[in-house]
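Below, each chain spelled out in residue letters.
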Amino acid sequence: MYLDGELAKNGSDLAAYSEIGAHGYLIIGQEQDALGGRFSQSESFVGNMAYVDLWSRVLTLQEINEHRDDCSDSILGDLYAWPEMQQHTNGNIQRLSSTFCQRCEDPKPLYNGFIDMMDNRAFYSCYRGFELSSKHFSKGRRCTKTSKWEGFYEPFCKRITCGYPGTVKNGYSIGNQYFYSDKISYKCFDGFSMIGGSTIICKEDGKWFPAKPKCVGVQCSLPKIRNGKIEIISEAAEDSLGVNRVDSDTQIRVKCFSNSTLKGENPVATCLEDGTWDNPNISCKFTASSQSNCPLHLILVAPENGYLDENSLNAMKNGTADFVEYKCRSGYSQVGVNISTCIVDGYWTEPNITCHAITCPSPPLFLNMVFKSKEPHKLTYQCQKGYKLVGNAVIQCTTLGRWSRLQGKCTWLPCGKPAISAGAKVTGNSYLYGDSLTITCPNGKSFKITCEKSRSWSENSGNNC
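Since the model is a prediction, treat every value here as computed from it, not as a measurement.

About the criteria used
- Residues numbered from 1 in each chain as written.
- Predicted model: local features only at pLDDT ≥ 70, side-chain atom pairs only at ≥ 80, totals over all residues.
- Heavy atoms only, no water.
- Helix = DSSP H or I, 4+ residues; strand = E, 2+ residues; numbered from the N terminus.
- Rg over C-alpha atoms; globule rule 2.2 N^0.38 Å.
- Contact = heavy atoms within 4.5 Å.
- Areas by Shrake-Rupley, 256 points an atom, 1.4 Å probe, with all protein chains shown as cover.
- Pairing = 2+ DSSP bridges.
- Axes fitted to C-alpha atoms, helices over the stretch in contact; angles between N-to-C directions.
- Salt bridge = Lys/Arg side-chain N within 4 Å of Asp/Glu carboxyl O.
- Buried < 20%, exposed > 50% of the residue type's maximum accessible area, 1.4 Å probe, protein only.
- UniProt positions renumbered as here; feature names shortened; annotations may be inferred.
- Patch = residues over 30% accessible without salt bridge, like charges linked within 9 Å, V, L, I, M, F, W, Y side chains within 5 Å.
- Disulfide = S-S within 2.5 Å.
- Arc of directions from axis to C-beta.
- Phe/Tyr/Trp six-rings, centres within 6.5 Å; stacked < 30°, edge-to-face > 60°.
- Lys NZ or Arg CZ within 6 Å of the ring centre and 35° of its normal.
- Polar contact = N/O pair within 3.5 Å; in protein donor to acceptor, adjacent residues only side chain to side chain.

Draft legend 1. Region of the structure containing the overall build of the chain. Within the chain one finds three helices and 33 strands. What you see for the chain is a C-alpha radius of gyration of 43 Å, clearly larger than the 23 Å of a compact globule of 465 residues, by over 25%. Along the three orthogonal principal directions, the C-alpha set of the chain runs to about 130 × 100 × 50 Å. Taking contacts inside the chain between residues at least 6 apart in sequence as the whole, the part at least 24 apart equals 44%. About 31,600 Å² of surface is accessible on the chain, with carbon and sulfur atoms providing 50% of the total.

This is the structure:
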């Protein structure tokens with residue numbers, strides 16, 4: 001059984017192998033508990049019926065939906081059709097004019113939006129900063145066969161919300177409105193510096209933009225521990241994988257591999273407020289007697305855009321080390337631990353190094369300069385016509401993701417002092433590209449000459465006086 005186009009009840013073999021006798025009656029709106037049994041008033045259907053059709057087959061869901069929406073009487077039952085059934089009704093039944101397939105009443109006003117009507121369908125649109133309460137009506141709201149608008153609730157336009165954006169470690173937020181175009185600002189506690197923009201804004205897609213900033217204080221670089229690994233044991237309990245720096249007061253614990261021993265008694269170090277460790281010499285000492293014979297052909301391949309350091313490989317071969325190092329190629333920065341160590345069981349530990357491409361922002365523009373060549377991490381400039389280069393015009397993308405400083409500049413090319421006729425007078429004292437001079441002849445005649453890109457004057461003064 002389908003209700004409003006949706007499957008509500010279903011079953012099978014409800015009266016398997018039962019026979020239905022001929023020359024009977026089709027009773028609609030009342031259920032008999034037994035053949036020829038009495039009717040119960042409490043079980044009678046009360047209401048209006050229309051478009052009752054019977055088929056000799058099971059209809060598909062698509063056919064059911066088409067029949068539900070059809071107002072042209074083009075879809076009729078192949079056993080009994082509604083027009084035919086209306087002529088063979090018995091009982092205390094009142095025939096009424098059908099209210100089906102009529103024009104629906106105008107929908108209720110849509111606040112913070114507007115409604116377009118087309119083909120007995122309402123299309124809802126919300127103003128900027130609002131969205132429709134139900135995506136079900138994003139393609140329009142249908143006027144049903146019963147001349148009623150579909151849906152139990154009227155759609156409305158609600159304000160777009162991005163939700164609570166969350167806190168920032170070592171900082172606090174300003175603002176408590178999270179709807180479209182609302183802004184949240186962040187500030188860092190004393191002693192911490194902000195990385196990123198201080199303000200985020202709720203956008204039309206319901207997301208905050210840009211990403212929240214970070215508040216960082218003095219940080220310590222994680223030491224490189226050969227023959228061991230580092231665990232971060234601060235209250236933040238961050239995973240050390242992929243972490244290169246930690247905040248002050250963060251504690252780490254060094255765990256040595258089975259073929260090494262801790263140098264010193266304390267395996268714990270704390271990041272101090274000056275960016276140094278209180279236990280700077282913490283390390284793991286390789287124990288030669290416990291060295292395992294790790295096959296060199298099983299050394300793990302270098303990460304993408306990285307390579308195996310030959311010096312460390314040679315040290316491994318001659319027995320002076322039990323680890324190999326991986327490095328990143330030029331133009332890539334290293335993230336994670338770059339060491340693979342030979343452990344007791346004859347296995348190489350998995351390095352967690354990745355090589356990230358170093359990217360710099362859009363190339364800068366310099367006065368009187370144009371690009372000569374562009375390489376992935378190198379830009380070469382040249383001077384515009386009429387200028388000459390002083391210094392170096394090459395900048396490179398550094399490992400910090402910033403362009404190096406330009407060590408050159410473009411200066412105007414001078415034309416030199418013009419040659420003029422005897423007795424002529426020159427007004428002006430700049431001979432650079434684009435500058436003009438006024439020449440006054442002995443007879444009082446005057447004219448202008450201009451320094452051009454070719455480093456020559458635009459007029460020949462000797463022929464003008």
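There's more to say after this.
Draft legend 2. Representation of the sheet that holds strand β26 (residues 369-375) within the structure. With antiparallel pairing, the three strands of this open sheet are ordered in space as β26-β27-β29. Looking along the sheet, the strands with just one partner apiece sit at the ends: β26 and β29 (394-396). Strand-to-strand twist in this sheet, taken as the mean axis angle between neighbours without regard to direction, amounts to 25°. Note that strand β27 (residues 378-383) and β29 share three bridges and pair antiparallel. Bridged to Lys378 within β29 is Gln396.

Draft legend 3. Broad picture of the pattern of salt bridges. Under the criterion given, the structure shown has ten salt bridges. Of the charged contacts in the structure, one is a salt bridge between Arg103 and Asp106, with a shortest N-O distance of 3.3 Å. What makes Arg103 exposed here is its relative accessible area of 59%. The structure contains a network of salt bridges with shared partners spanning Glu231, Arg253 and Lys255.

Draft legend 4. Inspection of the UniProt feature "domain: Sushi" (unreviewed entry) in the chain at higher detail. As recorded in UniProt, the feature "domain: Sushi" (unreviewed entry) lies at residues 102-159, 160-217, 218-286, 292-357, 358-412 and 413-465. What you have in residues 102-159 is 0% helix and 34% strand, and the ends, taken at the C-alpha atoms, are 34 Å apart. Across residues 160-217 one finds 0% helix and 38% strand; the C-alpha atoms that close the span lie 35 Å apart.

Draft legend 5. Region of the structure containing the environment of Pro109. Tracing the backbone through its elements, the reader meets Pro109 in the loop between α2 (82-85) and β3 (113-118). When its relative accessible area of 62% is taken as the criterion, Pro109 is described as exposed. C-alpha separation for the pair Pro109 and Ser181, spaced 72 residues apart in sequence, amounts to 25 Å.

Draft legend 6. Fine view of a nonpolar patch on the surface. Together, Leu26, Ile28, Phe45 and Met49 make up a nonpolar patch on the protein surface, roughly 390 Å² of accessible area in all. Within the secondary structure layout, Met49 lies in the loop between β2 (6-7) and α1 (61-69).

Draft legend 7. Structural view of the state of the cysteines. All told, the structure shown has eleven disulfides when counted by the stated rule. Residue pairing for Cys162: its cysteine sulfur links by disulfide to Cys202, the two sulfurs lying 2.0 Å apart. Linking Cys162 and Cys202, the disulfide has an S-S dihedral of approximately 90° and is accordingly described as right-handed. Pair noted here: Cys162 is in the loop between β7 (157-159) and β8 (171-174) and Cys202 is in strand β11 (residues 199-202), with a separation of 40 residues, a long-range link. On the accessibility criterion, Cys162 (13% relative accessible area) is buried.

Draft legend 8. Up close: helix α3 (residues 310-317). Listing the buried residues of α3 in full gives Ser312, Leu313, Ala315 and Met316. Along the axis of α3, the buried positions cluster into a sector of 160°, meaning they face one direction only. More than 90 degrees from the buried face of α3, the exposed residues found are Asn311 and Lys317. Against β21 (306-308) and β22 (323-328) lie the buried residues of α3.

Draft legend 9. The arrangement of the packing of aromatic side chains in detail. Scanning the entire structure with this criterion turns up seven aromatic pairs. With a centroid separation of 6.4 Å and an interplanar angle of 80°, the aromatic rings of Tyr178 and Trp208 are classed as edge-to-face. One end of the pair, Tyr178, is in the loop between β8 and β9 (183-188); the other, Trp208, is in strand β12 (residues 208-209), and 30 residues separate them in sequence. The ring of Tyr51 has Lys145 sitting right over it, with the charged end atom 4.1 Å from the ring centre. Over the face of the ring belonging to Phe371 we find Lys374, whose NZ or CZ atom lies 4.3 Å from the ring centre.

Draft legend 10. Spotlight on the sheet that holds β3. Read from one edge to the other, the open sheet built from three strands follows the order β3-β4-β6, with strand pairing classed as antiparallel. Edge positions in the sheet fall to β3 and β6 (141-142), since each of these pairs with one other strand and no more. Relative to β6, strand β4 (residues 121-126) runs antiparallel, the two being bridged by two bridges. Considered in β6, the bridge of Arg121 is made with Arg142.

Draft legend 11. Examining the pairing of β26 more closely. Pairing analysis gives six bridges linking β26 to β27, with the strands arranged antiparallel. The residue bridging Val370 from the neighbouring strand is Gln382, located in β27. With antiparallel pairing between neighbouring strands as the criterion, β26 and β27 make up a hairpin whose turn holds two residues.

Draft legend 12. Fine view of the side chain of Asn279. Assignment of secondary structure puts Asn279 in the loop between β19 (268-270) and β20 (283-286). Within the structure, the side chain of Asn279 is placed 3.0 Å from the backbone oxygen of Asn266, a separation counted as a polar contact. Setting aside residues no more than four positions away along its own chain, Asn279 makes contact with Asn266, Val268 and Ala269.

Draft legend 13. Representation of the environment of Glu325 in the model. With respect to the secondary-structure elements, Glu325 resides in strand β22. Remark: the alpha-carbon pair of Glu325 and Ile339, spanning 14 residues in sequence, is separated by 4.7 Å. What Glu325 contacts, discounting residues up to four positions off in sequence, is Arg226, Tyr307, Leu308, Asp309, Ser312, Asn338 and Ile339.

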